[in-house]
Amino acid sequence: MPQKKPLVVVTRKLPDVIETRMMELFDTRLNLDDKAMSKAELIEAVKTADVLVPTITDRIDSSVLAQAGPNLKLIANFGTGVDHIDLASARQRSVTVTNTPGVLTEDTADMTMALILAVPRRLAEGERLLRSEKWNGWSPTHMLGHRIWGKRLGIIGMGRIGQAVARRAKAFGMSIHYHNRKRLHPEVEAELEATYWESLDQMLARMDVVTVHCPHTPATFHLLSARRLALLQPHAYVINTSRGEIVDENALTRMLGRGELAGAGLDVFEHEPSVNPKLLGLDNVVLLPHLGSATIEGRIDMGEKVIINIKTFADGHNPPDRVLASML
Ligand code: 8YV
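This structure is a prediction, so every number in the text was calculated from the model and none was measured.

1. Some thoughts on the side chain of Asn240
You can see Asn240 is positioned in strand S10 (residues 237-240). Given a relative accessible area of 1%, Asn240 falls into the buried group. Among the polar contacts listed, one links the side chain of Asn240 to the backbone oxygen of Arg243, at a separation of 3.1 Å. Ignoring anything within four residues of it in the chain, the contact list for Asn240 reads Val212, Val247, Gly265, Leu266, Asp267 and Val268.

2. Notes on the pattern of salt bridges
Opposite charge on two side chains permits them to pair, given that their charged atoms come into close proximity. Counted under the stated rule, the structure contains 19 salt bridges. A salt bridge links Arg228 to Asp201, with the shortest nitrogen-to-oxygen separation between them at 2.6 Å. Of this pair, Arg228 sits in helix H10 (residues 226-229) while Asp201 sits in helix H9 (residues 200-204); the two residues are 27 residues apart in sequence, bridging distant segments of the chain. Because the salt bridges share partners, they merge into one network encompassing Lys13, Asp16 and Glu19.

3. What about the sheet that holds strand S7 (residues 175-179)?
Taken in spatial order, the seven strands make up an open sheet running S8-S7-S6-S9-S10-S11-S12, and their pairing is parallel. Looking at which strands have only one partner, the edges of the open sheet turn out to be strand S8 (194-196) and strand S12 (285-287). Ignoring strand direction, the axes of neighbouring strands in this sheet form an average angle of 20°. When strand S9 (residues 209-212) meets S10, the two strands line up parallel, connected through four bridges. Across the sheet, residue Val212 finds its bridge partner in S10, namely Asn240. Against the sheet, helix H5 (residues 105-118) engages strand S6 (152-156), S9, S10, strand S11 (263-266) and S12, with an angle of about 160° to S10. Taken strand by strand, helix H7 (residues 160-171) contacts S6, S7 and S9, and its axis lies near 170° from that of S6.

4. Let's talk about the packing of H5 against H7
Contact pair H5 / H7: the axes reach a minimum separation of 9 Å and the direction vectors enclose 50°. Relative to H7, the element H5 is oriented oblique. As H5 packs across H7, the resulting crossing turns out to be right-handed. Contact with H5, carried on its side by Thr105, Glu106, Thr108, Ala109, Asp110, Thr112, Met113 and Ile116, involves Arg160, Ile161, Ala164, Val165, Arg168 and Ala169 of H7 and no other residues of that element. The residue inventory of the contact of H5 with H7, partitioned by class, reads seven nonpolar, three polar and four charged.

5. Focus: empty space enclosed by the protein
In this structure the tally under the stated criterion is one cavity of 30 Å³ or more. Every residue lining the largest cavity is listed: Asn240, Gly244, Val247, Glu249, Leu252, Leu266 and Val268. The class makeup of the residues in the lining of the largest cavity is four nonpolar, two polar and one charged.

6. Some details on the nonpolar core
In this structure, Ile156, Leu224, Leu229 and Leu252 are the most contacted members of the largest nonpolar core, which totals 28 residues. Elements with a contribution of two residues or more to this core: H9, S9, helix H11 (249-257) and S11. With four residues, the single largest contributor to this core is H11. Setting aside residues up to four positions removed in sequence, Leu252 forms contacts with Leu229, Val238, Val247, Leu261, Ala264 and Leu266. Of all hydrophobic cores here, the second largest spans 27 residues; its members include Met113, Ile116, Val119 and Val165.

7. Looking at H7
End to end, H7 covers 17 Å across twelve residues, agreeing with the expected 16 Å (1.5 Å per residue, within 8%). Taken together, the buried positions of H7 are occupied by Gly162, Gln163, Ala164, Val165, Ala166, Arg168 and Ala169. Where the residues of H7 are buried, they touch H5, S6, S7, helix H8 (186-192) and S9. A positive phi of about 85° marks Gly173, the residue just after H7.

Definitions and limits used
- Residues numbered from 1 in each chain as written.
- Predicted model: local features only at pLDDT ≥ 70, side-chain atom pairs only at ≥ 80, totals over all residues.
- Heavy atoms only, no water.
- Helix = DSSP H or I, 4+ residues; strand = E, 2+ residues; numbered from the N terminus.
- Buried < 20%, exposed > 50% of the residue type's maximum accessible area, 1.4 Å probe, protein only.
- Polar contact = N/O pair within 3.5 Å; in protein donor to acceptor, adjacent residues only side chain to side chain.
- Contact = heavy atoms within 4.5 Å.
- Salt bridge = Lys/Arg side-chain N within 4 Å of Asp/Glu carboxyl O.
- Pairing = 2+ DSSP bridges.
- Axes fitted to C-alpha atoms, helices over the stretch in contact; angles between N-to-C directions.
- Parallel < 35°, antiparallel > 145°, perpendicular 65-115°, else oblique.
- Left-handed = near helix turned anticlockwise from the far one by under 90°.
- Nonpolar A, V, L, I, M, F, W, Y, C, P; charged D, E, K, R; others polar.
- 1 Å grid on protein atoms, 1.4 Å probe; cavity = no way out; pocket = protein on both sides within 12 Å on 5 of 7 lines; lining within 4 Å.
- Points joined across faces, edges and corners; volume = space filled by probe spheres on them.
- Core = buried A, V, L, I, M, F, W, Y, C linked by side-chain atoms within 4.5 Å.
- Expected span 1.5 Å × (residues − 1).

What follows is the structure, given as structure tokens:
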């Protein structure tokens, strides 16, 4: 006898091919108008669904999970970061959580490298000048930026994305430094010609560019606090394509405004989609609307992972991308 298809509630619009395949495989409820769900709608979803497919725009906290119905057995997150899901509450209720690691590594590393280039070379500023029709022509001293070749890059969090950034930055002639909970295997360190810093504080004080690639957890909230940002040299740049909460955005904005840091490239913000209005007024920053993994190829790969996680789970197997609270 054919098994009943699981009821899968998807909270946002996904690429067409993914939605079509989900409809074939599961009893799927889509969100065709792509409006982020309210808390009441999320609660309604967890009450009825067997599987919830949320994204970063959904806060699946303990108060939402407390109302989950007995059928909810899997949260198959569309995305790698799971800081919007209360993993402890999910575990308590025996709800499995999966994510989509690996498939957005190269896209996010590309975007990081783009920011590492864009901020010191004043790309966005130059573009704004041109569009304002105020460019008076070339001059030897006009809009000078800073060279990337030969500079020191400090990578905070040397997982998949950190290492992919290191490979790119090395090709651009930067020297690679990193801080991570665990030191890399000597072979990987040698391949990347990377220098390990056990002390984040000591690394920060010596870098020209610092880029953030660790997950957001209670332990990494404001890892770049006002005190740590003050350790950076005034010529240093801060890049963040990870999570806004890891950097004290107010302190960073204050320091950028006062010229205590050279600039910042930010793809993520502490209170997305709000951005500190003072940041918007600064010229030495490049600000992007969380585009790190925003390629059609990446989003399809993420969707494929979500489908595989749901399908294996529904077939009674352990889904490949289980997130364990102990992994964070
Ligand atoms: C995703 C991300 O687009 O996967 C992540 O952790 O930050 C993004 O690149 C987003 O989270 C989708 O939910």
